[in-house]
Amino acid sequence: MHTAQNFHPQTFIDLALSRGVLKFGEFTLKSGRVSPYFFNAGLLNDGEALSLLASGYADKLMQCEQVEVIFGPAYKGIPFVAATAVALAQHHQKSVPWGFNRKEAKDHGEGGVLVGAAVAGKKVWIIDDVITAGTAIREVVTILQHAGAEIAGVLVALDRQERGQGELSAIQEVQQELNIPVHALINMTDLMDYLQAKGESEALANMQAYRTQYGIA
């Protein structure tokens, strides 16, 4: 069993590989790029895996400032943010309110698209898996700002460290456009360091070639 309280990139990569969350090979992305790896955090779908991910998010948040509310974008971000709130309370004795959004507005009960903690006047950290194009994050930021929240930053599991449409990565574009920090638990450099440590020379060469073609400066 992995120790949930101690997040290390190598431990997380081991677990991601064992669950099929991370795969090395040849994968065509939506962008048309042929990537030497694929990452799907939706497959962190058991208690041990989600606990390790949440402990990583919690550890990272403890290094951040102004964590008043944490927020998970629908749908994948919802279990991530709930588990992170539990990890903050259990491992760091810090009780943080959490919330999420619906994809469709609700016109009965509490109504609206936001569920959980009130965000008006609060500094909110958004928790998600990856930022691919940044579209989903921008949508959530707009929803939160309309509700009166101040966006403190974004926390993701993986930073692919590759260019978007221009010279910047999607994460760099979000940081620049919204003027907020974006932190990641692991990045492409961590994956390459892992492959090097394991002696996986072919996979490492593929990663290096991909980074040369698409990596950020």
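1. Comments concerning the overall build of the protein chain
At step 1: A count of helices and strands for the protein chain gives seven helices and eight strands.
At step 2: Summarising its shape, the C-alpha atoms of the protein chain cover approximately 55 × 40 × 30 Å along the three principal directions.
At step 3: Looking at the protein chain residue by residue over its 217 residues, the buried ones come to 45%.
At step 4: By element, 48% of the accessible surface of the protein chain is carried by carbon and sulfur atoms, the whole surface being about 10,700 Å².
At step 5: Of note, the protein chain has its 17 positive side-chain charges centred 2 Å away from the centre of its 23 negative side-chain charges.

2. With respect to the pattern of salt bridges
At step 1: With the rule as written, the count across this model stands at seven salt bridges.
At step 2: Put simply, Arg-19 and Asp-46 hold a salt bridge, and the shortest N to O gap is 2.5 Å. Pair noted here: Arg-19 is in the loop between α1 (9-18) and β1 (22-28) and Asp-46 is in the loop between β2 (34-39) and α2 (47-62), with a separation of 27 residues, a long-range link.
At step 3: Of the residues examined, Arg-19 reaches a relative accessible area of 27% and is grouped as partly exposed.
At step 4: Take Asp-46: its relative accessible area is 25%, and that puts it in the partly exposed class.
At step 5: Between Glu-177 and Arg-138 there is a salt bridge, with its nearest N and O atoms 2.8 Å apart. Residue Glu-177 is found in helix α5 (residues 170-178), and its partner Arg-138 is found in helix α4 (residues 135-146); the two are separated by 39 residues along the sequence.
At step 6: Overall, the relative accessible area of 22% leaves Arg-138 in the partly exposed class.
At step 7: Because the salt bridges share partners, they merge into one network encompassing Arg-19, Asp-46 and Glu-48.

3. Side note on the side chain of Ser-35
At step 1: Looking at the secondary structure, you find Ser-35 in strand β2.
At step 2: A polar contact of 2.7 Å, which involves the side chain of Ser-35, links it to the backbone oxygen of Tyr-37.
At step 3: Within the local environment of Ser-35, its side chain forms a polar contact with the side chain of Arg-160, the two groups lying 2.9 Å apart.
At step 4: Apart from residues lying up to four places away in sequence, Ser-35 is in contact with Gly-25, Glu-26, Phe-27, Leu-29, Arg-160 and Tyr-210.

4. Quick look at the packing of aromatic side chains
At step 1: Using the criterion set out here, one finds four aromatic pairs in the structure.
At step 2: A ring pair is formed by Tyr-57 and Phe-80, whose centres lie 6.3 Å apart and whose planes are at 50 degrees; its orientation type is tilted. One end of the pair, Tyr-57, is in helix α2; the other, Phe-80, is in helix α3 (residues 77-92), with 23 residues separating them in the sequence. Take Tyr-57 and Phe-80: they sit in the same class, and that class is buried.

5. A short note on the confidence of the model for the protein chain
At step 1: Per-residue pLDDT for the protein chain averages 90, and the proportion of residues at 70 or more is 94%.
At step 2: Looking over the protein chain, one finds the lowest element-wise mean pLDDT in strand β4 (residues 98-106), namely 82, and the highest in strand β3 (residues 69-72), namely 97.

6. Observations regarding helix α7 (residues 201-214)
At step 1: The end-to-end C-alpha separation of α7 is 20 Å, in line with the 20 Å expected for 14 residues at 1.5 Å each.
At step 2: Within α7, burial applies to Ala-203, Leu-204, Met-207, Tyr-210 and Tyr-214. The buried residues of α7 occupy an angular sector of 125 degrees when the element is viewed end-on, so they sit on one face. Those residues of α7 that are exposed and aimed more than 90 degrees away from the buried face are Ser-201, Glu-202 and Thr-212.

About the thresholds
Residues numbered from 1 in each chain as written. Predicted model: local features only at pLDDT ≥ 70, side-chain atom pairs only at ≥ 80, totals over all residues. Heavy atoms only, no water. Helix = DSSP H or I, 4+ residues; strand = E, 2+ residues; numbered from the N terminus. Buried < 20%, exposed > 50% of the residue type's maximum accessible area, 1.4 Å probe, protein only. Areas by Shrake-Rupley, 256 points an atom, 1.4 Å probe, with all protein chains shown as cover. Lys, Arg positive; Asp, Glu negative; His and termini not counted. Charge placed at Lys NZ, Arg CZ, Asp CG, Glu CD. Salt bridge = Lys/Arg side-chain N within 4 Å of Asp/Glu carboxyl O. Polar contact = N/O pair within 3.5 Å; in protein donor to acceptor, adjacent residues only side chain to side chain. Contact = heavy atoms within 4.5 Å. Phe/Tyr/Trp six-rings, centres within 6.5 Å; stacked < 30°, edge-to-face > 60°. pLDDT = per-residue confidence, 0-100. Expected span 1.5 Å × (residues − 1). Arc of directions from axis to C-beta.

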